[in-house]
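Listed below, chain by chain, are the residues.
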Amino acid sequence: AFFDAIAPIVHAESIDMSKAWRQSRYDKEGPGGDAAAYINCPMDKAQYDAFIDALLAGPKSEFKDWENVPYFDGCLPIEVMAERGAETLRHGPMKPRGLTNAHKPDEKAYAVVQLRQDNKLGTLYNMVGFQTKLKYADQVKVFRTIPGLENAEFARLGGLHRNTFLNSPRLLDGTLRLKAMPRLRFAGQITGCEGYVESAAIGLMAGQMAAAELAGDRKSTRLNSSHA
């Protein structure tokens with residue numbers, strides 16, 4: 001098993017766009033051709049330092065003694081990243097490179113918090129890289145210190161969850177069946193993949209394999225019946 005984390009989601013209408021602005025890093029167009037796919041909230045050095053201090057000081061959800069489970073390195077809680085050094089976030093999810101403050105184009109931000117559209121309507125935005133195990137009340141308190149998010153309303157707060165998976169190479173055969181009990185077939189995240197697309201793909205594969213096996217069984221039954 002490993003621990004994975006989710007980031008807070010903010011109602012777009014609660015973001016102060018007199019402080020934030022829309023821009024993709026280096027104005028790079030995304031798959032849909034949008035070069036302004038992110039909402040950016042800038043910080044100066046004093047604001048960044050105060051944010052890091054509050055992040056590290058805030059109470060977090062703690063593991064039980066028996067939960068000796070690692071984090072997923074590709075999705076570390078933001079406070080865990082901050083514990084590795086005060087500058088870690090500024091060179092990670094909060095890096096200011098490739099962004100120009102539309103309100104103050106001559107003033108370079110020391111750090112930038114980015115939010116990415118989370119639903120098709122564009123009413124919800126996900127705080128990029130802000131997966132966290134901070135207690136809920138402190139998430140609201142700390143994240144509202146970010147310029148542009150002073151009055152943020154959260155549709156969902158961040159959290160931590162445990163992902164459990166099988167040792168598939170040892171336990172499953174090449175068609176995702178349990179070697180010890182072939183009538184059982186596994187699919188999705190429990191097979192050891194990570195991500196929505198990957199989990200859905202494994203589900204499709206398992207379904208196709210099961211259908212092919214069923215079709216083969218029916219063909220074999222018909223052949224046996226004809227010979228009889």
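Predicted model, so just to flag it, every value in this text is computed and none were measured.

Which residues make up the overall build of the protein chain, and what values go with them?
A count of helical and extended segments in the protein chain gives five helices and 10 strands. Looking at the protein chain as a whole, 39% of its 228 residues are labelled buried. For the protein chain, contacts bridging at least 24 residues in sequence account for 65% of all contacts bridging at least 6. Accessible surface, the protein chain: about 13,200 Å² in total, of which carbon and sulfur atoms supply 55%.

Give me the lowdown on helix α1 (residues 45-57), citing residues and values where you can.
Over its 13 residues, α1 runs 18 Å from end to end, which matches the ideal 18 Å to within 8%, given 1.5 Å per residue. Of all the residues in α1, the buried ones are Tyr 48, Phe 51, Ile 52 and Leu 55. Projected down its long axis, α1 shows its buried positions confined to an angular sector of 100°, all on one face. When the buried face of α1 is taken as reference, the exposed residues oriented beyond 90 degrees from it are Ala 46, Asp 53 and Ala 57. On its buried face, α1 sits against β4 (38-43), α2 (78-83), β5 (111-117) and α3 (136-143). Measuring from the side-chain oxygen of the N-cap residue of α1 to the backbone nitrogen of Ala 46 gives 3.3 Å; that N-cap residue is Asp 44.

How would you summarise the nonpolar core if you had to cite specific residues and measurements?
Among the nonpolar cores identified, the biggest contains 34 residues, and Phe 51, Leu 89, Met 127, Phe 130, Phe 143 and Ile 146 are the most heavily contacted of them. In contact with Phe 51, not counting residues within four places along its chain, are Met 43, Leu 89, Met 94, Phe 130, Val 142, Phe 143, Thr 145 and Ile 146. Ranked by size, the runner-up nonpolar core spans seven residues in total, among them Leu 172, Leu 176, Leu 178 and Ala 206.

Talk me through the layout of surface pockets; I want residue IDs and the actual numbers.
Volume-wise, the largest pocket comes out at about 520 Å³. Looking at the largest pocket, it is lined by 22 residues, and the ones nearest its centre are Asp 4, Ala 5, Ile 6, Cys 75 and Tyr 196. Listing elements by their share of the lining of the largest pocket, those giving two or more residues are β1 (2-6), β6 (124-127), β8 (159-163) and α5 (196-227). The leading source of residues in the lining of the largest pocket is β1, at three residues. Grouping the constituent residues of the lining of the largest pocket by class yields nine nonpolar, eight polar and five charged.

So, the sheet that holds strand β2 (residues 9-11): which residues are in play, and what are the values?
One open sheet accounts for six strands, arranged β3-β4-β5-β6-β2-β7; its pairing is antiparallel. Looking at strand neighbours, the two that pair on one side only are β3 (21-22) and β7 (154-156), the edges of this open sheet. Relative to β6, β2 runs antiparallel, the two being bridged by three bridges. The residue of β6 that forms the bridge with His 11 is Leu 124.

Account for the environment of Tyr 136, with residues named and values stated.
On the secondary structure map, Tyr 136 appears in helix α3. Separated by 77 residues in the primary sequence, Tyr 136 and Pro 59 have C-alpha atoms spaced 9.4 Å apart. Residues contacting Tyr 136, with those up to four places away along its chain left out, are Leu 157 and Gly 158.

Explain α3 to me, using residue names and the numbers behind them.
Residues of α3 that are buried include every one of Asp 138, Gln 139, Val 142 and Phe 143, and no others. Seen from one end, α3 has its buried residues packed into an arc of 115°, which puts them on one side. For α3, the exposed residues set more than 90 degrees away from the buried face come down to Tyr 136, Ala 137 and Lys 141. Residues of α3 that are buried sit in contact with α1, β6 and β7.

Lay out the confidence of the model for the protein chain with the relevant residues and their values.
On average, residues of the protein chain score 89 in pLDDT, and 89% of them reach the 70 mark or higher. Mean pLDDT values over the elements of the protein chain span from 78, in β1, up to 98, in β2.

Describe in detail the packing of aromatic side chains, supporting the description with residues and values.
Applying the stated rule across the entire model yields four aromatic pairs. Between Phe 51 and Phe 130, the ring centres sit 5.9 Å apart and the planes meet at 40°, which makes this aromatic pair tilted. With Phe 51 in helix α1 and Phe 130 in the loop between β6 and α3, the pair connects residues that are 79 residues apart, well separated along the chain. Of the two residues examined, Phe 51 and Phe 130, each falls in the buried class. Between Phe 130 and Phe 143, the aromatic rings sit 5.4 Å apart at their centres with planes inclined by 70°, giving edge-to-face as the arrangement. Taken together, the residues Phe 130 in the loop between β6 and α3 and Phe 143 in helix α3 connect sequence positions 13 residues apart. The residues Phe 130 and Phe 143 share a single accessibility class, namely buried. Clustering of aromatic rings is evident, with ring pairs tying together Phe 51, Phe 130 and Phe 143. Above the ring of Tyr 110, the side-chain terminus of Arg 90 is found at 3.9 Å from the ring centroid.

What counts and what doesn't
- Residues numbered from 1 in each chain as written.
- Predicted model: local features only at pLDDT ≥ 70, side-chain atom pairs only at ≥ 80, totals over all residues.
- Heavy atoms only, no water.
- Helix = DSSP H or I, 4+ residues; strand = E, 2+ residues; numbered from the N terminus.
- Buried < 20%, exposed > 50% of the residue type's maximum accessible area, 1.4 Å probe, protein only.
- Contact = heavy atoms within 4.5 Å.
- Areas by Shrake-Rupley, 256 points an atom, 1.4 Å probe, with all protein chains shown as cover.
- Expected span 1.5 Å × (residues − 1).
- Arc of directions from axis to C-beta.
- Polar contact = N/O pair within 3.5 Å; in protein donor to acceptor, adjacent residues only side chain to side chain.
- Core = buried A, V, L, I, M, F, W, Y, C linked by side-chain atoms within 4.5 Å.
- 1 Å grid on protein atoms, 1.4 Å probe; cavity = no way out; pocket = protein on both sides within 12 Å on 5 of 7 lines; lining within 4 Å.
- Points joined across faces, edges and corners; volume = space filled by probe spheres on them.
- Nonpolar A, V, L, I, M, F, W, Y, C, P; charged D, E, K, R; others polar.
- Pairing = 2+ DSSP bridges.
- pLDDT = per-residue confidence, 0-100.
- Phe/Tyr/Trp six-rings, centres within 6.5 Å; stacked < 30°, edge-to-face > 60°.
- Lys NZ or Arg CZ within 6 Å of the ring centre and 35° of its normal.

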